[in-house]
Amino acid sequence: MPLHVPPVPAPALRSLLTALGSPTAVREAPTPALRSAGGALSPELPLPLHVLDAPAVLTAPDPLDGSEPAPHTRLTGWRFAVRAGDRLVAAADTMLTADGWAFSRFFEGPYVTATERALRQAEVLTTGYQPRLLSVPGLYMLTLWLHGDTEADPATGAVDPADLLVPLAPAPPGFAAHRPHRAAELLPVIRLRLAPAPLLGTPA
């Protein structure tokens, strides 16, 4: 079943297209593959980028039994892949500012191709999902978040226990990259990893 990609905010896309059309912005990007790419550059694979902060995880009810709401996330931007010819050469972030959507940065690295791989894997699932990206800064972890409510506002919402989370490569130690997990299974592991270690001499 195809993924239900939510509509991209038009100002976010415009800000990126302006950056891609600026020789200065491309030339000054810290992305050798982008700077050396010949021909037209085009954005694709747009995904809302959410962040799951440690306080949200540690204070939310435990979703193990599927009856309690999972922690809320916050939308920080939209992320795009940048294609030159037949290959992806970089990714680009746009962010929401006090004045509206604005281009943030170009970057490259393993998450660019890992995101494309995870999306291709998700396209063969029999259940429809709204694809998002979910970052867990406390673990240096990025996941493809497959949200079960395909009509949801991509800027809002919590991770539902039935949603799928797919850690992208490179995943932190103890997490299998590109293996889908129900949020009800993965969130308790994330919570455990983010919990502060007990002080010596105190009960665990």
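Fair warning: this is a prediction, and the values are worked out from it, not measured in the lab.

1. Things to note about the nonpolar core
Here is step 1 of the chain: Leu3, Leu119, Leu133, Leu144, Leu146 and Leu168 are the most contacted members of the largest nonpolar core, which has 21 residues in total.
Here is step 2 of the chain: Elements that contribute at least two residues to this core include exactly β1 (41-51), β3 (87-97), α5 (110-122), β6 (141-147) and β7 (164-167).
Here is step 3 of the chain: Dropping the residues within four chain positions of it, Leu168 is found in contact with Tyr111, Ala114, Thr115, Ala118, Leu133, Leu142, Thr143, Leu144, Ala177 and His178.

2. A few points about helix α1 (residues 10-20)
Here is step 1 of the chain: If you check which residues of α1 are buried, you get Ala12, Ser15, Leu16, Ala19 and Leu20. The buried residues of α1 occupy an angular sector of 135 degrees when the element is viewed end-on, so they sit on one face. Set apart from the buried face of α1 by more than 90 degrees, the exposed residues are Arg14 and Thr18.
Here is step 2 of the chain: As for α1, its buried residues are in contact with α2 (23-27), β1, β2 (74-84), β3 and β4 (100-107).

3. Concerning the pattern of salt bridges
Here is step 1 of the chain: Scanning the entire structure with this criterion turns up seven salt bridges.
Here is step 2 of the chain: Linking Arg74 and Asp53 is a salt bridge whose minimum nitrogen-to-oxygen distance equals 2.7 Å. One end of the pair, Arg74, is in strand β2; the other, Asp53, is in the loop between β1 and α4 (54-59), with 21 residues separating them in the sequence.
Here is step 3 of the chain: By relative accessible area, Arg74 is classed as partly exposed at 43%.
Here is step 4 of the chain: In this structure, Asp93 engages Arg105 in a salt bridge whose closest nitrogen and oxygen atoms are separated by 3.2 Å. On the criterion of sequence distance, the pair formed by Asp93 in strand β3 and Arg105 in strand β4 is long-range, its members being 12 residues apart.
Here is step 5 of the chain: Its relative accessible area of 8% is what places Asp93 among the buried residues.
Here is step 6 of the chain: The structure contains a network of salt bridges with shared partners spanning Glu44, Arg83, Glu116, Arg120 and Glu123.

Reading guide: rules and limits
Residues numbered from 1 in each chain as written. Predicted model: local features only at pLDDT ≥ 70, side-chain atom pairs only at ≥ 80, totals over all residues. Heavy atoms only, no water. Core = buried A, V, L, I, M, F, W, Y, C linked by side-chain atoms within 4.5 Å. Buried < 20%, exposed > 50% of the residue type's maximum accessible area, 1.4 Å probe, protein only. Helix = DSSP H or I, 4+ residues; strand = E, 2+ residues; numbered from the N terminus. Contact = heavy atoms within 4.5 Å. Arc of directions from axis to C-beta. Salt bridge = Lys/Arg side-chain N within 4 Å of Asp/Glu carboxyl O.

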